[in-house]
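Spelled out from the first residue to the last, the chains are:
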Amino acid sequence: APAPAAAPPPPPPRRRRWYPTTPADLDTVAARTLQAGDDLSSDHPGFADAAYRSRRAAITAAAARYRWGDPLPVVAYAPAETATWTAVWAQLAALRAVGGGGSGGGAAAAAMGGAAAAAAAAAAARGRVVAPEYAAAVEGAVAEGVLSGDAIPQLGGVDAWLHDRTGWRVRPVGGLLSPRDFLNGLGAKVFHATQYIRHPSVPGYTPEPDVIHELLGHVPLLSIPAFAGLNETIGIASRGARDDAIERLARLYWFTVEFGLLWGDAAAGGAPYRAYGAGLLSSPGELARAVGLPAPPTAEGEDVREGASPPANPEPDRRPLTLEAVAEVVASSYPVTSFQRVYYVAQGLEGAADVVAAYARQVQAE
Ligand code: NLE
Ligand code: FE2
């Protein structure tokens, strides 16, 4: 007699891929960079500059050797590298101070104490073109000697400062990680930071992360608990996620953490938009454009937007960041070598964090 029909095989167990959850786990992913210092794409301003390329290769080699628990690599920056940092710092400091009553406005208000301080801080914040929490974080880091316009900060000092505030850690990386690896790092409260600096030919805009972008864009924001939480939320949602979900989360990250704007206080005569995206806060050219200011002059007096990677974009679109808009955000590709065409505008850092958290819950329920 024929054998009885076999019962259908049980469905295969839903296999969840392994993902890193601790800083030490990241040793397995941090060496897998997509673009290393010795492999610049041909439209990069440093492509034809052999000295720049070998300098980057030396810095990224130390990052590749790093393992969790090692001392963070110390880079002996050359005077020309420091000069790039100082020049970009000065332009960004000027933009940070716009509407803030001078760079010491927040510190002066804090010294008054009580209701007078709150009123002065509110007045100082009204015209800001950057998120007031960001300006205060940079001022705090400067006051503590962690950030300075005079020298490129080393990762060790920055890491200790950040860890004291929000428990986040900084880890050196040689270049871009895959979106999955990078986002998984955020879930472990680890921010991967490059240590090389942008090519001096186009200081007002670089298509890639560099030490200015990491330390002046991301790190101050990660010292703010609500904003660090937004980053961690995206990171946790990325754990074991399907590839298409990783892509959507990476886009959400791009349009918020990298290029997000906040509504300002135009009704009270203040600035209409304020930047909180790290890609804006590290680019004098794009920051000015995103918030509708004239571009700052460079040291040589020319418009930094002329030097930004092509094409010179027309006036950008600015759209409200709502949960409904997130469907559009996560379906939108974006340029990586030129200014953005579209910015999404949130209602304060908490508003941005709420929208991100709501979308992250949807992804985790998929
Ligand atoms: N465009 C930014 C800058 O110039 O600092 C870097 C963006 C990295 C995603
Ligand atoms: Fe970034």
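Computed from a predicted model, the values in this text were never measured in an experiment.

Turning to its location among the elements, Thr 22 is positioned in the segment before β1 (33-35). In this structure the C-alpha to C-alpha distance between Thr 22 and Asn 184, which are 162 residues apart in sequence, comes to 9.6 Å.

Looking now at the site of ligand 1. Within the structure, ligand 1 sits among Arg 198, Tyr 205, Thr 206, Glu 208, Pro 209, His 213, Gly 279, Ser 282 and Ser 283. Arg 198 is positioned such that a nitrogen or oxygen atom in its side chain is 2.7 Å from an oxygen atom of ligand 1. At 2.8 Å from a nitrogen atom of ligand 1 is found a main-chain nitrogen or oxygen belonging to Thr 206. Considered on its own, ligand 1 offers 300 Å² of accessible surface; in the complex 95% of this is hidden by protein. Each residue belonging to the shell around ligand 1 can be placed in one class, and the counts come to 2 nonpolar, 5 polar and 2 charged.

Taken in spatial order, the 4 strands make up an open sheet running β6-β5-β8-β7, and their pairing is mixed. Only two strands of the sheet have a single partner each, and these edge strands are β6 (273-275) and β7 (317-320). Between one strand axis and the next, the sheet turns by 40 degrees as a mean value, whatever way the strands run. Contacting β5 (261-263), β6, β7 and β8 (342-346), helix α12 (residues 284-291) runs over the sheet at an angle of about 155 degrees to β6.

It is worth spelling out the coordination of the iron ion (ligand 2) at this point. Protein-derived coordination of the iron ion (ligand 2) comes from His 213 (NE2), His 218 (NE2), Glu 258 (OE) and Glu 258 (OE), at a distance range of 1.9 to 2.7 Å. Every donor counted, the 4 donor atoms about the iron ion (ligand 2) form angles of 52 to 130 degrees at the centre, which fits irregular coordination.

What counts as what
Residues numbered from 1 in each chain as written. Chains lettered and ligands numbered in written order. Predicted model: local features only at pLDDT ≥ 70, side-chain atom pairs only at ≥ 80, totals over all residues. Heavy atoms only, no water. Helix = DSSP H or I, 4+ residues; strand = E, 2+ residues; numbered from the N terminus. Near = heavy atom within 4 Å. Polar contact = N/O pair within 3.5 Å; in protein donor to acceptor, adjacent residues only side chain to side chain. Areas by Shrake-Rupley, 256 points an atom, 1.4 Å probe, with all protein chains shown as cover. Nonpolar A, V, L, I, M, F, W, Y, C, P; charged D, E, K, R; others polar. Pairing = 2+ DSSP bridges. Axes fitted to C-alpha atoms, helices over the stretch in contact; angles between N-to-C directions. Contact = heavy atoms within 4.5 Å. Donors = N, O, S within 2.8 Å, 3.2 Å for Na, K, Ca; no water. Tetrahedral: all angles 85-135°; square planar, octahedral: opposite > 155°, others 65-115°.

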